[in-house]
Structures are given as structure tokens and as C-alpha cells.
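# Report on the structure
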Amino acid sequence: MSVQVHAGGSAANALESEEAQLAVNTRTWGAGGLLRWYKHRKLHPAEAALFERHREALSGRVLELGCGGGRLTRHLVATARELHGIDIAADMVAYCQRSYPTATFSQGDMRDLSAFASEDFDAVVAGANVLDVLGDHARASLLDELHRLLRPNGLLIFSSHNLACAPLLAGPTHKLSKHPVRFTNRVVRLPRSVANHRRLVALQHFGPDYAILNDEAHDYSLLHYYIGRDDEERQLARHNFELVECLALDGTTVAPGESAFGCHELHYAAIRSEARKA
Ligand SMILES: C[S@@+](CC[C@H](N)C(=O)[O-])C[C@H]1O[C@@H](n2cnc3c(N)ncnc32)[C@H](O)[C@@H]1O
């Protein structure tokens, strides 16, 4: 069974659905207890390539959004002159502060970055699709806020779910693995996954160039923003960022017009450009 999506809808519906999405995602992440999934240190080839190629910007003052269990933090702290991480989950923040005492961490929602001064960062990193917990309006506001925080030509590195892969999303009962451990894990978690999916699939939403979808992450307990490469480039341009490169998970370049079908998340590097004249 593939995931059912509800297309279209009015602007009022979109806002309502965005509020519902935020409530769902904030409940899942804010509750904590997910630290164990994010303590490992592995980088995807795309992340390793971006960190290497943009080393200069990453060697200044860096802000990490949704630092989680420090998977990326470990690499960032080794390069950055100063690193500040924020996360909504208290246990993630406490773990990062203990593990990386030379950096500073604060618990907070990335929708409110008003504590940070304008043009104070050389780079902002938002790994593992953290921006996708927000809906379209909140994402737009955050991009404007990141433009304010970055110095001119400052760097934004982030990843986002690839809308081209939406048809590949499947419900919890689809294709249970034949591997005994994975099978048992999935079966044990199945009632929770099915209940979450049944509840959240009704909140899925399709915008003009994005979709809000319930995928399998954390037992189908989240609603994520999905967007394709070219629409992300246009979105960045609307918020005065210039796309430098887009990579598939394996580190290969996704060129304009390519969908990277089969690659469920895309990695982006963009620089702050000057506000366009009206
Ligand atoms: C998918 S995890 C990624 C963790 C880490 N960046 C990594 O790459 O492994 C997303 C992280 O974002 C945090 N998060 C979710 N919503 C947030 C919000 N509104 N503001 C700040 N952090 C948030 C979660 O608590 C979680 O630690």
C-alpha cells in the first residue's frame, strides 16, 4: 500500500495543516527519548563532501540547528572557531554540552533565533532534514531569519526530503523485511506505527511546489516537508540565497532539471546573496 496524499486545498487549509504539522512534530521531538538514534558519528558522503569543500566558511562562527546527538557536531567542532548548537530536545542539548564542552548549546525552537545578532555567523548547518519539521510559512520565515544571521556571502548547508521520491513512500504494513531481526523490530512497533500513520495521513498536504507527508521516521510519528531540487533552488532565491550545489546522498551532483529519483534526501549548499531590488 502506498501513502495516500490529499492534494490541493485552500490557503486557510494550508495554514491549519501547518499548525497541525508543527504540533505533531514538536510533540515528537520535544518529548525527548530519541537521543540513542543520533549518537553515532557517520557522515553521508554528501555531508563529508560539503564539509570538505566549504571548510573555509565552516572554520568561522557556525550555528548548528537541531544538533541532535552531535552526529554532525563532532565534525563541525573540529573545524569551527566557535560553534553554537540549538535543539528543541533537552536530552539532546545536555548530551552535546557534555560531549563537546568547547562549543555552546541551548535548548530552543529554531523558529525563534532572536537571541542571535545579525550577521553574526559565517555558516549555518541544518543537517538530517531538520528544516523539514516546519511547514511552508515557518520555513520561509526561517530562511529570512537565517539570511539575517549570516554575514554577506555566509554559507547555509542543509538537507531536505526529495519530493521526487514521494511515490516511493509506503505505509507501515508495506513490505515487512525478511531479515529476522528487522522483521521482529517492525512487528513489535507495528501497532504504534499503524496508529500514528492512520492519524497523520489525514494531515498530509500538497502545496504548489512542496508536500507535507507522513513517512516512516520514528514509527510514522512525524510530518515532513518534501521539495524537489529545482523548486528548492527557486525557494532559496526568493529568500535571497544563491544555490551553490545540490548533492544526492552518495555525493554525486544533482544538476538543474534532475530529480534524483530514488534518493530520498538532497543536500544543499547556498550562500547569502544581497537582497534583490524590487
Ligand atoms: C533528524 S534529527 C537530526 C539530528 C542531527 N542534526 C543529525 O544530523 O544527526 C533532528 C533534530 O532536530 C531537533 N528539532 C526538531 N524540531 C526542532 C525545532 N523546531 N527547533 C530546534 N530543533 C528541533 C530534534 O530534537 C532532533 O534532535
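These notes cover the structure that comes with them. Once a new chain begins, its residue numbering starts again from 1 and follows that chain's sequence as written. For a predicted model such as this one, the threshold for reporting local features is a pLDDT of at least 70, and the threshold for listing and counting side-chain atom pairs is 80 or more; totals across whole chains, interfaces and linings nevertheless cover every residue. To get the side-chain values, all heavy atoms of the structure are used, and hydrogens and water are removed first.

## Quick word on the pairing of strand E4 (residues 121-126)
- The buried count for E4 comes to 6 of 6 residues, which makes it a mostly enclosed element.
- Pairing of strand E1 (residues 61-65) with E4 involves 3 bridges; the strand directions are parallel. Bridged to Val62 within E4 is Ala123.
- Strand pairing follows a simple DSSP-based rule, namely that at least 2 bridges must link the two strands. Think of it this way: any DSSP run of H or I at least four residues long counts as a helix, any run of E at least two long counts as a strand, and we number them from the N terminus. Here E4 pairs with strand E5 (residues 150-162) via 5 bridges, running parallel. Of the residues in E5, the one forming a bridge with Val124 is Leu156.
- Crossover connection from E4 via helix H6 (residues 136-149) to parallel E5: handedness right-handed. We call a residue buried when its accessible area falls under 20% of the maximum for its residue type, exposed when it is over 50%, and partly exposed in between, using a 1.4 Å probe and counting protein chains only. Here is how to tell: hold the view so the strands point away, follow the path from the first strand over the helix to the second, and if it runs clockwise the crossover is right-handed.

## Details of unusual backbone geometry
- Phi at Glu119 takes a positive value of approximately 55 degrees, unusual for a residue other than glycine.
- You can see Glu119 is positioned in the loop between strand E3 (104-107) and E4.
- For Asp219, which is not a glycine, the phi torsion comes out positive at approximately 55 degrees.

## Let's talk about the environment of Pro208
- Topologically, Pro208 is positioned in the loop between strand E6 (205-206) and strand E7 (210-213).
- Along the backbone, Pro208 and Ala115 are 93 residues apart, and their C-alpha atoms lie at a distance of 33 Å.

## Some remarks on the site of the ligand
- Surveying the vicinity of the ligand reveals 17 residues, the closest of which are Gly66, Arg71, Asp87, Asp109 and Met110.
- N or O atoms closer than or at 3.5 Å make up a polar contact, with two conditions inside protein: a donor-capable atom paired with an acceptor-capable one, and, for residues adjacent in sequence, both atoms drawn from side chains. Ile88 places a main-chain nitrogen or oxygen 3.2 Å from a nitrogen atom of the ligand.
- Calculation of accessible area relied on Shrake-Rupley with a 1.4 Å probe; when residues are assessed, cover is drawn exclusively from the protein chains displayed. Relative to its unbound accessible area of 590 Å², the ligand is 96% covered by the protein chains.
- Residues are grouped as follows: nonpolar covers Ala, Val, Leu, Ile, Met, Phe, Trp, Tyr, Cys and Pro; charged covers Asp, Glu, Lys and Arg; every other residue, Gly included, is treated as polar. For the shell around the ligand, the per-class residue count stands at 11 nonpolar, 3 polar and 3 charged. One heavy atom suffices: a residue is near a molecule or strand as soon as one of its heavy atoms comes within 4 Å of it.

## Notes on the pattern of salt bridges
- Salt bridges are identified by distance alone: a Lys or Arg side-chain nitrogen within 4 Å of an Asp or Glu carboxyl oxygen. As enumerated under the stated definition, the model contains 19 salt bridges in all.
- Between Arg61 and Asp120 there is a salt bridge, and its shortest N-O distance comes to 3.0 Å. On the criterion of sequence distance, the pair formed by Arg61 in strand E1 and Asp120 in the loop between E3 and E4 is long-range, its members being 59 residues apart.
- The class of Arg61 is buried, set by a relative accessible area of 17%.

## Observations concerning empty space enclosed by the protein
- Cavities and pockets were defined on a 1 Å grid built from protein atoms only: a cavity is a group of points that admits a 1.4 Å probe but offers it no way out, a pocket is an open group of points flanked by protein on both sides within 12 Å along at least five of seven lines, and a lining residue is one with an atom within 4 Å of any such point. Grid points are joined across faces, edges and corners, and a volume is the space filled by probe spheres set on the points. Within this structure, the stated rule accounts for 1 cavity of 30 Å³ or more.
- Taken as a whole, the largest cavity holds about 40 Å³ of empty space.
- Where the lining of the largest cavity is concerned, the elements lending two or more residues are helix H2 (45-53), E4 and E5.
- No other element matches E5, which puts 3 residues into the lining of the largest cavity.
- Along the lines of polarity and charge, the residues of the lining of the largest cavity split into 7 nonpolar, 3 polar and 1 charged.

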